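# Structural features, examined
As a plain string of letters, each chain reads:
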Amino acid sequence: MARRLWAARASEIGPGERIRLELGGLELGIFRLSDGFFALEDKCPHQQGPVCSGNLFREITATVAEDGRVRERYARDEADVVACPMHGWEFEIRTGECLANRRRKVQRFPVEVDGEDLYVILPGG
Amino acid sequence: MGYRGMHVVDADAHYLEEIRDFAKYLKGPSVERFADWSGQYHMPALVGEQYDVMLHGRTVRGAAGGKGDQDEMLGMSSPADIPVVMKRFGIDTIVMIPTYMLMVEFVRNANHAMDICNGYIDYMLDGVCAPEEGIYTLVVAAGRDPVRAAKMIDRVAGSPAVCGVEMLGSVELPLGAEAYNPIYEAAQHHGLPIVLHANFLGPDLSSFAKFPSFVESHALDMTWCNQVQLVSMVMEGVPERFPDLKIVFQESGITWVAGLMYRLDTEYMRRRVEAPLLRKLPSEYIKDFYFGTQPMEDMPRKHLKMFFEMLDAENTFIYASDWPHFDYDEPSAVADLPFLSDAGRRKIMGENALGVFRFTEKTVNLEVSA
Ligand code: FES
């Protein structure tokens, strides 16, 4: 049975900010991006670092331009990637996927917004 | 302390020697050179201008979520930091490896290089190391003046805080050369291992491949320089010339060794005439060496297990964290590998190192952690 646990007031987390908390026996980070709130487990799949404490970045990507040269650019304008502070693995906050290898993921949990209240849906305990 | 009930030895954690403090231990004209140096460092700092060691803010040390500074990424910068790190990782015995001293082979004036080596070890022994707390260091021997380096080893080998001799992959003449005999003799005489710490001496710094990014330089340089020195030491017969000398390779991960082992065997079978000192296959000498595990390659477990088997890991691997560098390894990265036997796990995490390094206080620490 999934558990729907009250996590925070929405106003506690400003745009582009995150909080870290303990909920239902797990360490979590809840991030506020332009399209909503996203919860990740604060445990890196690499060597269990506190990934949710990391700095946020825009995803840097690159394409080959028509002239054959490589152009680096931001994938999006928003800083929606969190880098684990321990070794720098970068994770997309919305999916929890590692940018360098999408099979490696931080555990992600759904967040429900009910008025001012944020609830996180955790697996049964 | 320890991890999962094991005595943990960290064979490679970095100390950031404070240059101005360290300068107080220099003697002769080197003092002036340090005091009058126009920049912050007495040697070229790491490798060129191509990168930010902190991954442009992606890796952070210090307070969680805070912006650390560059120094925090390079090494522990005060003696008080060391026990904190040991406690965090559950380390009982730690070998402090320098930071700027890793560049000492780039100091081309042999006298100056040896002045720096002598000053550095005096600085470490006077207030940074504490063998009774499990904190040791290596005496760094510059290859430019092996005779003077051997004298320095003789001078400080009596200190209980010295657990080995460090040499650098960036020596100009590969380490199999007889020119280094005085250093090997001194190390063997005092029961100190030779520790080869990889550094940026690869295609990036020394040859045709000027890479535009750290990810390229680091991937190749750190293994390449240990490969060069391993080939030289094995094929020129260092283990035959110094049969009691223990040799440790650090900071190149582990996968580079296996391929080279069999490549050397294949070469040797055909060209034995050029390596007549050898009494067995190169791969058999290589299995008498020791290898720091960091940075453990991130790869499918079943393949990693094969590398462990090929290299007789339970008898040859030594856990190393490399803290606080961006590519450090937690003890769990090695100790929790599911394919290790309990005995093998204990050996890799501590017992192998206890047999290789000269830890004067090891029995005390073992009792504490038991
Ligand atoms: S623990 Fe997160 S990147 Fe290594």
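Residues numbered from 1 in each chain as written. Chains lettered and ligands numbered in written order. Predicted model: local features only at pLDDT ≥ 70, side-chain atom pairs only at ≥ 80, totals over all residues. Heavy atoms only, no water.

### What to know about the sheet that holds strand E12 (residues 108-109) of chain A
Residue and element names in this part refer to chain A. Stated precisely, the cut-off is as follows: We treat two strands as partners when DSSP finds at least two bridges between them. A run of DSSP states H or I qualifies as a helix once it reaches four residues; a run of E qualifies as a strand once it reaches two. Both are numbered from the N-terminal end.
The four strands lie next to each other as E2-E3-E4-E12, forming an open sheet whose pairing is antiparallel. The outermost strands of the open sheet, each flanked by one partner alone, are strand E2 (18-23) and E12. Pairing geometry for strand E4 (residues 36-41) and E12, over two bridges, is antiparallel. Bridge pairing in E12 places Ala-39 opposite Phe-109.

### Examining the confidence of the model for chain B
All names here are of chain B. For clarity, the threshold we go by: pLDDT is defined as a per-residue confidence score from the predictor, taking values between 0 and 100. Throughout, a contact is declared for two residues whenever any of their heavy atoms are within 4.5 Å.
Per-residue confidence for chain B averages 88 on the pLDDT scale, and 87% of its residues sit at or above 70. Every residue in residues 63-67 scores below 50 in pLDDT, and together they form eight contacts with partners more than four places removed in sequence or on other chains. Below a pLDDT of 50 lies the segment residues 364-370, which in the model reaches 11 contacts outside its immediate sequence neighbourhood of four places, other chains included. Interface scoring of the predicted complex returns ipTM 0.80; its pTM is 0.90.

### Things to note about the interface of chain A and chain B
Counted only if it meets this: Note on terms: buried area is the combined drop in 1.4 Å-probe accessible area of two parts once they are placed together, counting the loss on both. By definition here, a salt bridge exists when the distance from a side-chain nitrogen of Lys or Arg to a carboxyl oxygen of Asp or Glu is within 4 Å. Definition of a polar contact: a pair of N or O atoms within 3.5 Å, with one able to donate and the other able to accept a hydrogen when the atoms are protein atoms, and with sequence-neighbouring residues admitted only if both atoms are side-chain atoms. Charged residues are taken to be Asp, Glu, Lys and Arg, nonpolar residues to be Ala, Val, Leu, Ile, Met, Phe, Trp, Tyr, Cys and Pro, and polar residues to be all remaining types, Gly included.
Listed as interface residues are 18 residues of chain A and, on the opposing side, 20 residues of chain B. Buried area between chain A and chain B, summed over both chains or domains, comes out near 1300 Å², and the portion from carbon and sulfur atoms is 45%. Our enumeration of links across chain A and chain B arrives at two salt bridges. Residues Arg-104 of chain A and Asp-298 of chain B are paired through a salt bridge, measuring 2.9 Å at the closest nitrogen-oxygen approach. Our count for the chain A to chain B interface comes out at seven residue pairs in polar contact (both at pLDDT 80 or more). Here the side of chain A that touches chain B is built from residues that sort into seven nonpolar, seven polar and four charged.

### Re the pattern of salt bridges
Side-chain pairs of opposite charge can arise whenever the charged atoms involved come near each other. Residues and elements named next belong to chain A. The following threshold applies: Each residue is assigned to one of three classes by its accessible area relative to the maximum for its type, calculated with a 1.4 Å probe on protein chains only: buried under 20%, partly exposed between the two thresholds, exposed over 50%.
Summed over all chains, the structure comprises 25 salt bridges over all chains. We note a salt bridge from Arg-9 to Glu-116, for which the minimum N-O separation is 3.8 Å. Placement of Arg-9 in strand E1 (residues 3-9) and of Glu-116 in the loop between strand E13 (111-114) and strand E14 (117-122) is noted, with a sequence separation of 107 residues between them. Judged by its relative accessible area of 39%, Arg-9 falls in the partly exposed class. Of the residues examined, Glu-116 reaches a relative accessible area of 30% and is grouped as partly exposed.

### Some words on helix H7 (residues 181-189) of chain B
Residues and elements named next belong to chain B. Just so we agree on the cut-off: This arc is taken over the directions from the axis of the helix to the C-beta atoms.
Along H7, the positions that sit buried rather than exposed are Ile-183, Tyr-184, Ala-186 and Ala-187. Here the buried residues of H7 occupy an arc of 165° about the axis, which is enough to place them on one side. Downstream of H7 by a residue or two, Gly-191 has a phi angle that is positive, lying close to 70°.

### Regarding the packing of aromatic side chains
Residues and elements named next belong to chain B. Spelled out, the test is: Stacked, edge-to-face and tilted are the three classes for Phe, Tyr and Trp ring pairs, Trp counted by its six-membered ring, which pair at centre distances within 6.5 Å; planes under 30 degrees apart are stacked, over 60 edge-to-face, the rest tilted.
The full count for this structure, using the stated rule, is 18 aromatic pairs over all chains. With centroids separated by 6.0 Å and ring planes inclined at 55°, the aromatic side chains of Phe-89 and Tyr-328 adopt a geometry described as tilted. One end of the pair, Phe-89, is in helix H4 (residues 81-89); the other, Tyr-328, is in the loop between strand E8 (317-318) and helix H15 (331-335), and 239 residues separate them in sequence. The buried category is assigned to Tyr-328, whose relative accessible area is 1%. Ring geometry for Phe-214 and Phe-326: centres 5.5 Å apart, planes at 65°, overall edge-to-face. With a gap of 112 residues between them, Phe-214 in helix H9 (residues 214-235) and Phe-326 in the loop between E8 and H15 connect regions that are remote in the sequence. Classification of Phe-326 as buried rests on a relative accessible area of 19%.

### Quick word on unusual backbone geometry
Leaving glycine aside, a negative phi is the common case for residues, and trans is the common case for peptide bonds. Residues and elements named next belong to chain B. Each neighbour pair has its own omega, and for Gln-294 with Pro-295 the value is -10°, a cis peptide bond. Residue Pro-324 follows Trp-323 across a cis peptide bond; omega there is 5°. One non-glycine residue, Asp-322, adopts positive backbone phi at about 65°. Among the structural elements, Asp-322 can be located in the loop between E8 and H15. For Asp-322, a relative accessible area of 0% translates into the label buried.

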